[in-house]
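Spelled out, the chains give:
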Amino acid sequence: MPYLPQLAQRDTHGDVSSSLMTVLKNQSSSTTRHSSGRSSPTSDLSHEVEKPRRQFRGLRIVQTLLMMIWCFQTVLLFIAHLVLSDWAPAAPPTQNSFFYSDYLNESGNNELHFIGMKLYVDSAEQSVLSVRGGNATLQCRFWYEPVPSSPREVRVKWSWLPAAGGQETDVIVAFGTRFRSFGDFRGRVQLRQDFPGDAALVLNKLWLNDTGRYRCTVVDGLEDQSAVVHLELQGVVFPYQHPHGRYHLSFLGAQQACKEQDSTVATITQLFQCWKEGMNWCNAGWLADGTVQYPITQSREPCGGARLAPGVRRYDRLHLYPNHYDVFCFSSLLQGRVYYLQSSHKMNLTEAQHACQEDGAEIAKVGQLYSAWKFTGLDRCDAGWLADGSVRYPITRPRSNCGPSEPGVRSFGFPPPQHKHGVYCYKLDTERV
């Protein structure tokens, strides 16, 4: 087998092409000798043993060649990366020099922070108390730690979630000195901006339904922080029935009834406050969130049971439309005054309305009478007509012949309109509007 040393020698020099050609040529000659019958049995056996060895050597050569090519490509890519990284210009610094990172705080929540600087937002007051027609300032300020070298322009947004529930809506959005107010707040709100970082909200001419949660949000780039302030109004809650009697008001009818009496449907917070002040009423009524509740300070059988502790009793949440109950209304400070019209004679309902008009006023509403009793201490032991056709009178100093021993607004219900009574009038104070 004279061709074996020659093949080994060519493998040593790495001549892959020559080696492959030699293998093919020897295989061809081997086949020719075998077919001609001139080869011996010993030669045939040696040929069969060497044949797998030659094939294995060929595969190793091909694998080695492919590995060398892959290594060469890897080296070229590495060299190109080093060259390009050295030649590439450095990235310019960001304008605000803020860098962000995520980390887990002690509670395990992901929070976004500045590396070296953080935005803070806070309010000095968690709740603010005012009255209808008054003003309110909801505190909010923001600052950075550490203090930036130059002032920054941020976007400030105040939003409002009504006390009665619903969707959170925008109140005002400001960027620098530019701002825009929204909805019913348009023209009644502004940012104070008395000092750097001051984002306090100033509300003017408050409405009854302005109560709720106000959120101050400050946005700087990707960073935003917020603080919450609750606005409440001082006022009075009173139960109200339909002229036809007990439990005749649907939820929508309850909303309309309170509105007609210069009030709004009370919230659970407002009813709870009146319960703490001693309100005791056994008839269930609608509240602003669509629930039906009633306050009890003296437990008794017809009002949930004598063994049940005092408190604000609540029915299960009901469908707003087919069910009918009374309603609890809320009123606050008036922009005018309520007074009992002095007259030489009693009047029916129509005559009472005309008498107030002739005096430059209008017949008072139930919410206005309650407000005058609450805020100005109106005390009169004379029953008088009101705008809804009811007859009532306010008592702040209980005495004999003027009803129960507790202060309150007494009611004669809804007598026939031809009955004769006095009248309570309401005159708007134009100087306060």
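Since we're looking at a predicted model, the values are computed, not measured. (Residues numbered from 1 in each chain as written. Predicted model: local features only at pLDDT ≥ 70, side-chain atom pairs only at ≥ 80, totals over all residues. Heavy atoms only, no water.)

**Structural notes on the state of the cysteines**
By definition, a disulfide is the covalent link that joins the sulfur atoms of two cysteine residues.
Argument step 1. Counting across every chain of the model gives five disulfides.
Argument step 2. Residue pairing for C258: its cysteine sulfur links by disulfide to C329, the two sulfurs lying 2.0 Å apart. One disulfide, between C258 and C329, carries an S-S torsion of -80° and so falls in the left-handed class. With C258 in helix α4 (residues 251-260) and C329 in strand β19 (residues 326-332), this pair connects stretches of sequence that are 71 residues apart. Each member of the pair, C258 as well as C329, carries the same accessibility label: buried.
Argument step 3. The disulfide bridge from C282 ends at C303, spanning 1.8 Å between sulfur atoms. What sets the handedness of the C282 and C303 disulfide is the S-S torsion sign, and at about -125° it is left-handed. Here C282 is found in the loop between α5 (268-276) and β16 (285-286), whereas its partner C303 is found in the loop between β17 (292-296) and β18 (311-314), with 21 residues between them in sequence.
Argument step 4. Each bonded cysteine of the protein chain gets a number by its place in the sequence, and the pairs then read 1-2, 3-6, 4-5, 7-10, 8-9. (Disulfide = S-S within 2.5 Å. Helix = DSSP H or I, 4+ residues; strand = E, 2+ residues; numbered from the N terminus. Buried < 20%, exposed > 50% of the residue type's maximum accessible area, 1.4 Å probe, protein only.)

**Notes on the pattern of salt bridges**
Argument step 1. For the coordinates displayed, the defined rule picks out 14 salt bridges.
Argument step 2. When the shortest N-O distance is used, the salt bridge between R152 and D220 registers 2.7 Å. Taken together, the positions of R152 in the loop between β6 (141-145) and β7 (155-162) and D220 in strand β12 (residues 212-220) put the pair 68 residues apart, joining distant regions of the chain.
Argument step 3. Judged by its relative accessible area of 27%, R152 is partly exposed.
Argument step 4. In this structure, D198 and R192 form a salt bridge, with 2.9 Å as the shortest nitrogen-oxygen distance.
Argument step 5. Three or more residues joined by partner-sharing salt bridges are found here, namely E168, R213 and R215. (Salt bridge = Lys/Arg side-chain N within 4 Å of Asp/Glu carboxyl O.)

In short, geometric facts, not functional conclusions.
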